[in-house]
Amino acid sequence: MALSQKKSYTIVDYYNLPENVRAEIIDGQIYYQAAPSRIHQEILGELYTIIHNYIKSKKGSCKVYPAPFAVELGESDRLTIVEPDISIICNPDKLTDRGCIGAPDWIIEIVSPSNSSHDYVKKLNLYANTGVREYWIVNPMKKNIYVYYFEENQFETMVYTFQNKVKVNIYEDFYIDFSDFV
């Protein structure tokens, strides 16, 4: 008896999904995403605004995009496309009309109860291995922030709470004060 084959999805499948369906494809496997909670959206909105205003005030060239925003990780990898909650891209050559091709400089994921292992394990490894410079996992339930910094063969991890100011490592003078959050 032949074993059943697991379907492998591609970026073409992602772009053929109905507009109202949120999903990611990682290593050919599709992961559907539920609508985010109100707290998730409040945190996303606050972070987006703070980051956008910082970049604008410095007349920076980086761009910040909230989800849904398609990120194709690896130009030759046709099996992985993610929608980080927030993506910061500093190389304009990576931007297309559809989103981003290649690793963003900084990604923020806001944990939902249904996807925590996805963010803490699967995406952590994915982002570390594809050239993302900095990755934050914001957990509204535990009120903590994990900061992973993957720069020049370094792998640094810091853990903060919502009582801390968190240093953005890809910038010299940028801190986000989480004590103002939820």
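What you see is a predicted model, and the numbers here were worked out from it, not measured in a lab.

How each quantity is defined
Residues numbered from 1 in each chain as written. Predicted model: local features only at pLDDT ≥ 70, side-chain atom pairs only at ≥ 80, totals over all residues. Heavy atoms only, no water. Disulfide = S-S within 2.5 Å. Helix = DSSP H or I, 4+ residues; strand = E, 2+ residues; numbered from the N terminus. Buried < 20%, exposed > 50% of the residue type's maximum accessible area, 1.4 Å probe, protein only. Salt bridge = Lys/Arg side-chain N within 4 Å of Asp/Glu carboxyl O.

## Thoughts on the state of the cysteines
And then number 1: Applying the stated criterion across every chain yields a total of 1 disulfide.
And then number 2: Here cysteine 62 connects covalently by a disulfide to cysteine 90, the sulfurs 2.0 Å from one another. One disulfide, between cysteine 62 and cysteine 90, carries an S-S torsion of 100° and so falls in the right-handed class. With cysteine 62 in the loop between α2 (38-57) and β3 (63-66) and cysteine 90 in the loop between β6 (86-89) and β7 (99-101), this pair connects stretches of sequence that are 28 residues apart.
And then number 3: Residue classification places cysteine 62 among the buried residues on the basis of a relative accessible area of 11%.
And then number 4: Unpaired in this structure, cysteine 100 has its nearest cysteine sulfur neighbour in cysteine 90, at a distance of 10 Å.
And then number 5: Under the relative-accessibility criterion, cysteine 100 is labelled buried at 2%.

## Topic: the pattern of salt bridges
And then number 1: Tallied over the entire structure, the rule returns 6 salt bridges.
And then number 2: Notably, a salt bridge pairs arginine 22 with glutamate 83, separated by 3.1 Å at the nearest N-O pair. Taken as a pair, arginine 22 in the loop between α1 (11-15) and β1 (23-26) and glutamate 83 in the loop between β5 (81-82) and β6 lie far apart in primary sequence, 61 residues in all.
And then number 3: In this structure, the salt-bridge partner of glutamate 42 is arginine 38, at a minimum N-O distance of 2.6 Å. Within this pair, glutamate 42 and its partner arginine 38 are both found in helix α2, separated by 4 residues, close to a single helical turn.
And then number 4: For glutamate 42, a relative accessible area of 37% corresponds to the partly exposed category.
And then number 5: Looking at arginine 38, the relative accessible area reads 57%, which means it is exposed.

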